[in-house]
Amino acid sequence: MQRNAKILLVEGKRNDRTSFYGGLTAKNYQVRSVLSGSAGVKLLHEFFPDMIIVDAASLRTSGKRIVAALREKAQRIPMVLILDPEAKHGNDSGADVVLRMPFTLQKLLNRLKPFLPMEPKNGLTVGPIVLDLETRSMRCNEHQGQLTPRLAALLRALMDHPGQVINREALFSHVWETEYTGDTRTLDVHVSWLRRAIEDDPRHPRYIKTVRGLGYRLDVEG
């Protein structure tokens, strides 16, 4: 099943046709719309989309520079470029999908589906973090990969209690399934490895926070 993906929509305002924003939100996508490529680049610092749509036709531009600027900041995020029918270029734009007007909303949706993340059948989602409990695969914004059994157990323990401080002894006991908690330095090493897997800057973590003298806390929005 496809989860409610996040889409960054770069489009201008035109009176001669309808915005794609309404149709996408009606399909339960989380859409953030901006009026320029520079605004889209700026938004990427706080919004991590699963897909970027650049409606160059509505902006009366080729979209090539906009795609390049966004691609520099979001190398792994798939992009759709929408062009006027008479536009001469397209395949050299750097976008993953190029569509030329006119086309239906359904056609756009069909082209999006192969690029959008699927909700794991046995998965756990907290904020931007998705953990597949069967395969131990993890995704957080642009970061994805497969975790070791210990790291997956550690992440799940934190995801089961978002926003709550879990003391180091309780985490160690749960993940290593032991009653001995006299030396939890191994836990700290694993936390540092987990931060490398999900954080943009592991030395200044956004999600896995250290609470001095107590333990760790998973900070997420929503």
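Keep in mind it's a predicted model, so treat the numbers as computed, not measured.

Draft legend 1. Summary view of the pattern of salt bridges. Enumeration over the complete set of coordinates arrives at 7 salt bridges. A salt bridge links D183 to R185, with the shortest nitrogen-to-oxygen separation between them at 2.8 Å. We note a salt bridge from K209 to D219, for which the minimum N-O separation is 3.5 Å. Note that K209 is positioned in strand 11 (residues 208-211) and D219 in the segment after strand 12 (215-218), a separation of 10 residues in sequence. Of the residues examined, K209 reaches a relative accessible area of 26% and is grouped as partly exposed. One network of salt bridges, in which partners are shared, links K209, R217 and D219.

Draft legend 2. Highlighting unusual backbone geometry. Cis peptide bonds are those with omega within 30 degrees of zero, and the linkage from M101 to P102 qualifies with 0°. Secondary-structure assignment places P102 in the loop between strand 5 (97-100) and helix 5 (105-112). In this model, N28 sits at a positive phi of 70°, which is unusual for a non-glycine residue. Its relative accessible area of 51% is what places N28 among the exposed residues.

Draft legend 3. Quick peek at the sheet that holds strand 8 (residues 137-140). Pairing in this open sheet of 4 strands is antiparallel, and the strands run 6-7-8-9 from one edge to the other. The sheet is open, and its two edges are formed by strand 6 (123-126) and strand 9 (143-146), each paired on a single side. Averaged over all adjacent pairs, the angle separating strand axes in this sheet is 10°, with direction ignored. Where strand 6 and strand 7 (residues 129-132) come together, 4 bridges link them in antiparallel fashion. Bridging from a neighbouring strand, G123 pairs with D132 of strand 7. Those strands touched by helix 8 (residues 185-198) are strand 7, strand 8 and strand 9, and its axis lies near 60° from that of strand 8.

Draft legend 4. Molecular detail of the sheet that holds strand 11. Strand order across the open sheet formed by 3 strands is 10-12-11, with antiparallel pairing between neighbours. Edge strands, defined here as strands with exactly one partner in the open sheet, are strand 10 (165-167) and strand 11. Along the sheet, successive strands turn relative to each other by an average axial angle of 30°, direction set aside. On top of the sheet, helix 7 (residues 168-176) reaches strand 10 and strand 12; it is set at about 70° to strand 10, its chief contact. Sheet strands in contact with helix 8 are strand 11 and strand 12, and its direction is about 150° off that of strand 11.

Draft legend 5. Up close: the environment of A95. You can see A95 is positioned in the loop between strand 4 (79-83) and strand 5. Expressed as a C-alpha distance, the spacing of A95 and I53, which sit 42 residues apart in the sequence, is 9.3 Å.

Draft legend 6. How the structure looks around the side chain of D55. Locating D55 in the fold gives a position in strand 3 (residues 51-55). Setting aside residues up to four positions removed in sequence, D55 forms contacts with V10, E11, R17, F20 and I82.

Draft legend 7. Spatial organisation of the environment of I166. Structurally, I166 is set in strand 10. With 44 residues separating them along the chain, I166 and T210 place their C-alpha atoms 9.9 Å apart.

Draft legend 8. Region of interest: the pairing of strand 3. For strand 3, the buried fraction is high: 5 of the 5 residues fall into the buried class. Of the two faces of strand 3, the one lined by M51, I53 and D55 and the one lined by I52 and V54 are each fully buried. Direction of pairing for strand 1 (residues 6-11) relative to strand 3: parallel, over a ladder of 5 bridges. If you follow E11 over to strand 3, its bridge partner there is D55. Of the strand pairs in this sheet, strand 3 and strand 4 are connected by 4 bridges, and their pairing is parallel.

Draft legend 9. Expanded view of the packing of aromatic side chains. Under the definition given, this model contains 2 aromatic pairs. Relative to F103, the ring of F20 lies with its centre 5.6 Å away and its plane at 5°, an arrangement referred to as stacked. With F20 in the loop between strand 1 and helix 1 (21-26) and F103 in the loop between strand 5 and helix 5, the pair connects residues that are 83 residues apart, well separated along the chain. On the basis of relative accessible area, F20 is assigned to the buried category, the value being 8%. Summarising the aromatic geometry, the rings of F172 and W176 are spaced 5.0 Å apart at their centres and angled 20° between planes, so their arrangement reads as stacked. Here F172 and its partner W176 are both found in helix 7, 4 residues apart, which amounts to about one turn of the helix. In this structure, F172 and W176 share a single accessibility class: buried. Lying across the ring of F47, R32 places its NZ or CZ 5.3 Å from the centre.

Parameters at a glance
Residues numbered from 1 in each chain as written. Predicted model: local features only at pLDDT ≥ 70, side-chain atom pairs only at ≥ 80, totals over all residues. Heavy atoms only, no water. Salt bridge = Lys/Arg side-chain N within 4 Å of Asp/Glu carboxyl O. Helix = DSSP H or I, 4+ residues; strand = E, 2+ residues; numbered from the N terminus. Buried < 20%, exposed > 50% of the residue type's maximum accessible area, 1.4 Å probe, protein only. Pairing = 2+ DSSP bridges. Axes fitted to C-alpha atoms, helices over the stretch in contact; angles between N-to-C directions. Contact = heavy atoms within 4.5 Å. Phe/Tyr/Trp six-rings, centres within 6.5 Å; stacked < 30°, edge-to-face > 60°. Lys NZ or Arg CZ within 6 Å of the ring centre and 35° of its normal.

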